[in-house]
Amino acid sequence: MTPVLQLRGIVKSFGSNHVLRGIDLDVSPHEVVVLIGASGSGKSTLLKTTNLLERIDDGQILLAGDDISDPRADVDAVRARIGVVFQHYNLFPHLTVLDNVTLALRRVHKLARQECQERGLALLGRIGLAGQARDYPDRLSGGQQQRVAIARAIAPDPELLLLDEITSALDPQLVGEVLDLVAELKQSGSTILMATHEIGFARRVADRIVFLKDGTICEQGPPSQLLDSPGRAETAEFLSRVLH
Amino acid sequence: MTGPSRHPGERRDLGAVSDLELGRRAYRRRQAARSIGISLLSTVVFAVVIGVVLVNSPGWQVTRDTFFNPEYFRQALPAVWQGLLLNIRVLAVAVVGVAVVAVAIAGIRSLKGPVFFPLRFLAAAYTDLFRGMPFLIVLYLIGFGIPALGLTDQVIPVTLLGTIALVLTYSSYVAEVLRAGIEAVHPSQRLAARSLGLSHYASLRLVVLPQAVRKVTPALMNDFVSMQKDVGLISVLGAVDAVRAAQIQVAQTYNYTPYVVAGLLFVALSWPFIRLTDWLTARQQRREQIGGLV
Ligand SMILES: Nc1ncnc2c1ncn2[C@@H]1O[C@H](COP(=O)(O)OP(=O)(O)OP(=O)(O)O)[C@@H](O)[C@H]1O
Ligand SMILES: [Mg+2]
């Protein structure tokens, strides 16, 4: 099967700061790949280049086999195929919860109003927020806002979901509800590439964990292997720092 | 219920209110009544003082007869009202023009990237020019300059020329207000919109502009009210609007009451919008934020 995402030799620098020095990474359909690494190791940058929010300096990005790093690629069409959730939710404060969730369906995918409403409400029901459909985002707790942001990202059934530290702005007691939702997305077959500092959660949902260091993939493998018996000293050192 | 103290785990009956809370509510009611009383009293005192000073000033008799003459008031009202209708028509068209041009200019000025430098430069020059130039000068230049070009054989209506001048001047003000609003919207909002696959233009229209406009509604309404008044200046081009109609009456009677009529009508025109702004702003705040006590 064609991988959903193929990153080939991705290079990205900010001035003299060489953040990504040749990243090769495939994400297969229904696979959950978790990026870990020290702060500044380039996790967010890798996710942003995938969504064409940052332009790469070299390499190639294929989405379901299509070269989306080609300058002739339609950037908006590419982004419409990828869902993104940010650390700070970034919901639209002037739109109701339901309108936030259905905006892309209405304006990008041009579905009929009726269908958008139905899909939006169904999705809100699934994340337990049907009662808040007509509220404005500022009325919700952080955890609820982040769940709405996830609903907004998955509403158009994207081929790939990018999650960038979606729990790190949340109070500890709200982290659980958001992570549970991600676990449920995995169950329902979403393809996910995510960056996180929650090693425990990575163990729970990841099919594969990728450890980034110095702009390259230092080590990757299934959670049990990478977390319990890392093959490289750098990985072990990083894990001992974040786990204690 | 007497006080807030209860046994652990005991459920409060939320229908009943404690004496403590009842006392607080009574106190707040008394305070509110007192504030209203004080402000009413001071308003009355102020009005009486102004009235006494006016009536006792040496020229009051003459002033009253030349500015506040009920007979001339009744006479002037129909013509001035007709003139005001023209002002309203010009205003309605100009507002649409201002909205379109201002959004375009603000949009251009907030474009990023060196490719757009020439466009940005032109837009900046436009706003600098028309914000700096007195409206009266713009009116004269457009009102007498465009016909002088002789582009058509027909006579260009002065109301059209006045509308163009209004749009030129006010779109430059409004564009700057909008641009400030656009810049006050956090870049992450645009990022989120683009990530959904919305185009640059769609992000601006659906996500950035609505938030920008909310942030600057008071300033926009301020410009609108100011525009309502300046629409009276088209009389200098010879349009028979409210001001010109009043002028004609004054010239016939040597009584200034028609000016007062026109002035009051302009106030009456802008007042609903001023109140509307306050109401809209308040509703916005209630809806989108948990206000708390501050
Ligand atoms: N737009 C930018 N301009 C300049 N430098 C940038 C930019 N974005 C990221 N960087 C730099 O790139 C490096 C990698 O940043 P990135 O945000 O990808 O790290 P991260 O792994 O996501 O870190 P964290 O765990 O703190 O989120 C950092 O040194 C950062 O300063
Ligand atoms: Mg990051």
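Note that this is a predicted model, so its numbers are computed, not measured.

Definitions and limits used
Per chain, residue numbering runs from 1 following the sequence as it is written. As they are written, the chains are lettered A onward and the ligands numbered 1 onward, keeping that order. Thresholds applied to this predicted model are a pLDDT of at least 70 for local features of residues and 80 or more for the giving and counting of side-chain atom pairs; totals over whole chains, interfaces and linings are not thresholded and use all residues. Calculated side-chain values reflect all of the structure's heavy atoms, with hydrogen atoms and water omitted. Secondary structure elements are defined from DSSP: runs of H or I of at least 4 residues count as helices, runs of E of at least 2 residues count as strands, and each element is numbered from the N terminus. Every radius of gyration here is taken over C-alpha atoms, with the globule rule written as 2.2 Å times N^0.38, N being the number of residues. Relative accessibility decides the category of a residue: with a 1.4 Å probe and only protein chains considered, values under 20% of the type maximum give buried, values over 50% give exposed, and everything between is partly exposed. Residues count as neighbours in contact if any of their non-hydrogen atoms are within 4.5 Å of one another. Method for areas: the Shrake-Rupley scheme with a 1.4 Å probe, in which residue coverage is limited to the protein chains shown. When DSSP locates at least two bridges between a pair of strands, those strands are taken to pair. Between the N-to-C directions of two axes lies an angle of 0 to 180 degrees, each axis being a line fitted to C-alpha atoms and, for a helix, fitted only over the stretch in contact. Multiplying 1.5 Å by the helix residue count minus one yields the expected span of that helix. Our arc is simply the arc of the directions from the helix axis toward the C-beta atoms. Residue ranges labeled as domains rest on an automatic or database domain assignment. If even one non-hydrogen atom of a residue comes within 4 Å of a molecule or strand, that residue is called near it. Whenever two N or O atoms come within 3.5 Å, that pair is a polar contact, provided that in protein one can donate a hydrogen and the other can accept it, and provided that, for residues adjacent in sequence, both atoms are side-chain atoms. Residues are grouped as follows: nonpolar covers Ala, Val, Leu, Ile, Met, Phe, Trp, Tyr, Cys and Pro; charged covers Asp, Glu, Lys and Arg; every other residue, Gly included, is treated as polar. We place a 1 Å grid over just the protein atoms. Points where a 1.4 Å probe fits but has no way out form a cavity, open points with protein on both sides within 12 Å along at least 5 of 7 lines form a pocket, and any residue with an atom within 4 Å of a point lines it. Grid points are joined across faces, edges and corners, and a volume is the space filled by probe spheres set on the points. One speaks of a salt bridge when a side-chain nitrogen belonging to Lys or Arg is within 4 Å of a carboxyl oxygen belonging to Asp or Glu. Buried surface area refers to the total accessible area, computed with a probe of radius 1.4 Å, that the two partners give up upon joining, counted for both partners together. Planes of paired rings set the category: under 30 degrees apart is stacked, over 60 is edge-to-face and the rest tilted, where pairs are Phe, Tyr or Trp rings (Trp by its six-membered ring) whose centres lie within 6.5 Å.

With respect to the overall build of chain A
Phase 1: Scanning chain A from terminus to terminus reveals 9 helices and 10 strands.
Phase 2: Scaling as 2.2 N^0.38, a compact globule of 244 residues should have a C-alpha radius of gyration of about 18 Å, and chain A matches this with 18 Å.
Phase 3: In chain A, which comprises 244 residues, the proportion classed as buried is 54%.
Phase 4: At a minimum sequence separation of 6, the contacts of chain A that also span at least 24 residues come to 65%.
Phase 5: Taken as a whole, chain A presents about 10300 Å² of accessible surface, with 46% of it coming from carbon and sulfur.

Quick notes on the sheet that holds strand E6 (residues 82–85) of chain A
All names here are of chain A.
Phase 1: One open sheet accounts for 6 strands, arranged E6-E7-E8-E3-E9-E10; its pairing is mixed. Where the open sheet ends on each side, the last strands, each with one partner, are E6 and strand E10 (216–221). Averaged over neighbouring strand pairs, the angle between their axes works out to 20° when direction is ignored.
Phase 2: Relative to strand E8 (residues 192–195), strand E7 (residues 160–164) runs parallel, the two being bridged by 4 bridges. From the neighbouring strand, Asp 164 faces E8, where its bridge partner is Ala 195.
Phase 3: Lying on the sheet, helix H1 (residues 43–50) is in contact with strand E3 (32–36), E6, E7, E8 and strand E9 (208–213); it crosses E7 at an angle near 150°.

Thoughts on helix H4 (residues 117–132) of chain B
Residues and elements named next belong to chain B.
Phase 1: Compared with an ideal rise of 1.5 Å per residue, which puts 16 residues at 22 Å, H4 spans 22 Å between its outermost C-alpha atoms and is within 8% of the ideal.
Phase 2: Within the span of H4, buried status applies to Ala 123, Ala 124, Tyr 126, Thr 127 and Phe 130. Summarising the axial view, the buried residues of H4 lie within an arc of 155°, below the 170-degree limit, and thus occupy one face. Opposite the buried face of H4, at more than 90 degrees from it, the exposed residues are Phe 121, Leu 122 and Gly 132.
Phase 3: Close packing links the buried residues of H4 with helix H3 (70–109), helix H5 (135–149) and helix H6 (158–184).

Side note on the domain arrangement of chain B
Phase 1: Taken as a whole, chain B is organised into domain 1 (18–53) and domain 2 (70–278).
Phase 2: Placing the centre of domain 1 of chain B and that of domain 2 of chain B at their C-alpha centroids yields a distance of 40 Å.

Some words on the site of ligand 1
Residues and elements named next belong to chain A.
Phase 1: With respect to spatial proximity, 14 residues lie near ligand 1, and among them Ser 39, Gly 40, Lys 43, Ser 44 and Thr 45 are the closest.
Phase 2: Asn 17 is positioned such that a nitrogen or oxygen atom in its side chain is 3.1 Å from an oxygen atom of ligand 1.
Phase 3: With respect to ligand 1, the side chain of Thr 45 contributes an N or O atom lying 2.5 Å from an oxygen atom.
Phase 4: For ligand 1, whose accessible area on its own is 630 Å², the fraction buried by protein is 62%.
Phase 5: Of all the elements in the fold, those that place two or more residues in the shell around ligand 1 are strand E2 (17–27) and H1.
Phase 6: When residues in the shell around ligand 1 are grouped by element, the largest group, 3 residues, is from H1.
Phase 7: Of the residues contributing to the shell around ligand 1, the split by class is 3 nonpolar, 8 polar and 3 charged.

Regarding the sheet that holds strand E5 (residues 66–67) of chain A
Residues and elements named next belong to chain A.
Phase 1: One open sheet holds the 4 strands; their spatial order is E2-E1-E4-E5, and the pairing between them is antiparallel. Among the strands making up the open sheet, the edge pair consists of E2 and E5.
Phase 2: With 2 bridges connecting them, strand E4 (residues 58–63) and E5 associate as antiparallel partners. Residue pairing across strands places Leu 63 opposite Asp 66, the latter belonging to E5.
Phase 3: Contacting strand E1 (5–14), E2 and E4, H1 runs over the sheet at an angle of about 120° to E1.

Side note on empty space enclosed by the protein
Phase 1: Under the criterion given, the structure shown has 1 cavity of 30 Å³ or more.
Phase 2: Volume-wise, the largest cavity comes out at about 50 Å³.
Phase 3: Forming the walls of the largest cavity are Ala80(A), Ile82(A), Gly83(A), Val84(A), Ala153(A), Pro156(A), Pro158(A), Ser195(B) and Leu196(B).
Phase 4: Tallying contributions element by element places E6(A) first for the lining of the largest cavity, with 3 residues.

Concerning the pattern of salt bridges
Phase 1: Summed over all chains, the structure comprises 27 salt bridges over all chains.
Phase 2: Here Arg106(A) and Asp99(A) are joined by a salt bridge, their closest N and O atoms 3.8 Å apart.
Phase 3: The exposure class assigned to Arg106(A) is buried, which follows from its relative accessible area of 16%.
Phase 4: A salt bridge links Arg179(B) to Glu176(B); the nearest nitrogen and oxygen atoms lie 3.2 Å apart. Taken together, the residues span about one helical turn, with Arg179(B) and Glu176(B) both in helix H6 at a distance of 3 residues.
Phase 5: Exposure remark for Glu176(B): the relative accessible area of 14% places this residue in the buried category.
Phase 6: One network of salt bridges, with partners in common, ties together Arg109(B), Asp128(B), Arg131(B), Glu176(B), Arg179(B) and Glu183(B).

A few points about the interface of chain A and chain B
A common way to report how large an interface is uses the accessible area buried once the components associate.
Phase 1: With 21 residues of chain A at the interface, the matching set in chain B holds 22 residues.
Phase 2: Around 2000 Å² of area is buried between chain A and chain B when both sides are counted, 60% of it from carbon and sulfur atoms.
Phase 3: Joining chain A to chain B, the criterion identifies 1 salt bridge.
Phase 4: Residues Asp76(A) and Arg194(B) are paired through a salt bridge, measuring 3.1 Å at the closest nitrogen-oxygen approach.
Phase 5: Where chain A meets chain B, there are 4 residue pairs in polar contact (both at pLDDT 80 or more).
Phase 6: Counting residues per element, the ones that place at least two in the side of chain A that touches chain B are helix H2 (75–80), E6 and helix H3 (97–107) of chain A.
Phase 7: In terms of residue class, the side of chain A that touches chain B is built from 12 nonpolar, 3 polar and 6 charged.

Quick word on the packing of aromatic side chains
Residue and element names in this part refer to chain B.
Phase 1: Counted by the stated rule, this structure contains 10 aromatic pairs over all chains.
Phase 2: On the numbers, 5.4 Å between centres and 20° between planes, the contact of Phe 67 with Tyr 256 is stacked. Highlighted residues: Phe 67 in helix H2 (residues 60–67) and Tyr 256 in the loop between helix H10 (242–253) and helix H11 (257–288), separated in sequence by 189 residues.
Phase 3: Since its relative accessible area comes to 33%, Phe 67 is described here as partly exposed.
Phase 4: On the basis of relative accessible area, Tyr 256 is assigned to the partly exposed category, the value being 38%.
Phase 5: Each ring, one from Tyr 140 and one from Phe 144, has its centre 5.8 Å from the other, and the planes form 15°; the classification is stacked. You can see Tyr 140 and its partner Phe 144 sitting in helix H5, 4 residues apart, about one turn around the helix.
Phase 6: Note on Tyr 140: relative accessible area 36%, which makes it partly exposed.
Phase 7: The exposure class assigned to Phe 144 is partly exposed, which follows from its relative accessible area of 48%.
Phase 8: Members of the aromatic cluster, connected to one another through ring pairs, are Phe 67, Tyr 256 and Tyr 259.

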